[in-house]
Amino acid sequence: DYLDIETYGFLIATNMMTPAFVRKAMTERSVDYKELYQQLDIPVLFTHGTQDTGILPIAAIEAADFVQKSKLSLYEGANHGPHWFDAKRFNFELAKLVNAY
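Numbering of residues starts from 1 in each chain and follows the order in which that chain's sequence is written. This being a predicted model, a pLDDT of at least 70 is required before a residue's local features are given, and a value of 80 or more before pairs of side-chain atoms are given or counted; all residues contribute to the totals for chains, interfaces and linings. The side-chain figures draw on all heavy atoms in the structure; neither hydrogens nor water molecules are used.

Chemist: How would you sum up the overall build of the protein? Please name residues and give values.
Modeler: Each helix corresponds to a stretch of at least 4 residues labelled H or I by DSSP, and each strand to a stretch of at least 2 residues labelled E; elements are numbered beginning at the N terminus. Helices and strands together make up the secondary structure of the protein, namely 6 helices and 2 strands. Along the protein, helices and strands appear, N-terminal first, in the series α-α-α-β-α-β-α-α. Projecting the C-alpha coordinates of the protein onto the three principal axes gives extents of approximately 40 × 35 × 20 Å. Here's how the labels work: a residue is buried when its accessible area is under 20% of the maximum for its type, exposed when over 50%, partly exposed in between, all with a 1.4 Å probe on protein chains only. Residues classed as buried in the protein amount to 18% of the 101 residues present. Of the accessible surface of the protein, which amounts to about 7,700 Å², a share of 59% is contributed by carbon and sulfur atoms. Note that His is not counted, nor are the chain ends; the positive residues are Lys and Arg, and the negative ones are Asp and Glu. Throughout, a charge is located at the NZ atom of Lys, the CZ atom of Arg, the CG atom of Asp or the CD atom of Glu. Averaging the positions of the 9 positive and the 13 negative side-chain charges in the protein gives two centres separated by 3 Å. Computed with a 1.4 Å probe, the accessible areas rest on the Shrake-Rupley method; for each residue, only the protein chains presented here act as cover.

As structure tokens, this is what we get:
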């Protein structure tokens, strides 16, 4: 089940408390992790909601291409909180990753 309306409203309200200069800096930053990703030799799980408009899903898709031992898990219909969208699936996939390491 997805979040109840009260919890969702609370999370939206807390996000709105982020100062404008911080939100602006997040959208204007340019960071290239490609070299770091290529050096990783550990299991990595990239989890992303397909409806995330804050950080586009292509970021996770491309990142997963650079990590040899990665798994990409896209949550169809989820926004920036796939762990809220389908907590049971998220916890299962995370436990599987931890147990593999």
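Chemist: How would you sum up the side chain of Glu93? Please name residues and give values.
Modeler: Examined against the element boundaries, Glu93 turns out to sit in helix H6 (residues 87-100). Here Glu93 falls in the buried class, since its relative accessible area comes to 13%. One polar contact links Glu93 to Ser73, side chain to side chain, over a distance of 2.7 Å. In this analysis, two residues are considered to be in contact whenever any of their non-hydrogen atoms come within 4.5 Å of each other. Apart from residues no more than four positions distant in its own chain, Glu93 is found in contact with Leu45, Lys71, Ser73 and Tyr75. N or O atoms within 3.5 Å of each other form a polar contact, as long as, within protein, one can give a hydrogen and the other can take it, and as long as residues adjacent in sequence are counted only when both atoms are side-chain atoms.

Chemist: Could you give me a rundown of the packing of aromatic side chains, with the residues and numbers involved?
Modeler: Between rings of Phe, Tyr and Trp, where Trp is taken as its six-membered ring, a pair exists when centres lie within 6.5 Å; planes separated by under 30 degrees are stacked, by over 60 edge-to-face, and by other angles tilted. Counted according to the given criterion, the structure contains 2 aromatic pairs. Each ring, one from Tyr33 and one from Tyr37, has its centre 6.0 Å from the other, and the planes form 40°; the classification is tilted. Look at Tyr33 and you get partly exposed, because its relative accessible area is 41%. We call a charge positioned over a ring when the NZ of a Lys or the CZ of an Arg lies within 6 Å of the ring centre and within 35 degrees of the ring normal. In this structure, Arg89 is placed above the aromatic ring of Tyr75, and the distance from its NZ or CZ to the ring centre is 3.7 Å.

Chemist: Can you lay out the pairing of strand E2 (residues 70-75) for me, pointing to particular residues and giving the numbers?
Modeler: Think of it this way: DSSP has to see at least two bridges between two strands before they count as a pair. Relative to E2, strand E1 (residues 44-49) runs parallel, the two sharing 6 bridges. Counted as the bridge partner of Leu45 is Lys71 from E2. Crossovers are marked right-handed if the path from the first strand over the helix to the second runs clockwise, as seen with the strands pointing away from the viewer. In the classification by handedness, the crossover that spans E1, the intervening helix H4 (residues 57-66) and the parallel E2 is right-handed.

Chemist: Can you lay out a nonpolar patch on the surface for me, pointing to particular residues and giving the numbers?
Modeler: On the surface, a nonpolar cluster with roughly 420 Å² of combined accessible area is contributed by Ile5, Tyr8, Ile12 and Met16. Following the sequence through the fold, Ile5 ends up in helix H1 (residues 5-16). The exposure class of Ile5 is exposed, given its relative accessible area of 64%. Residues enter a patch when their relative accessible area is above 30% and they make no salt bridge; the linking distance is 9 Å between like charges and 5 Å between nonpolar side chains (Val, Leu, Ile, Met, Phe, Trp, Tyr). Note on definitions: salt bridges are taken to be side-chain nitrogens of Lys or Arg within 4 Å of carboxyl oxygens of Asp or Glu.

Chemist: Which residues make up the pattern of salt bridges, and what values go with them?
Modeler: Evaluation of the coordinates by the stated rule reveals 3 salt bridges. The closest approach of N and O atoms between Lys24 and Glu28, which form a salt bridge, is 3.0 Å. Highlighted residues: Lys24 and Glu28, both in helix H2 (residues 20-28), separated by 4 residues, approximately one helical turn. Given a relative accessible area of 48%, Lys24 falls into the partly exposed group. With its nearest N and O atoms 3.1 Å apart, the salt bridge here joins Arg89 to Glu93. Of the two residues, Arg89 and Glu93 both sit in helix H6, 4 residues apart, roughly one turn of that helix.

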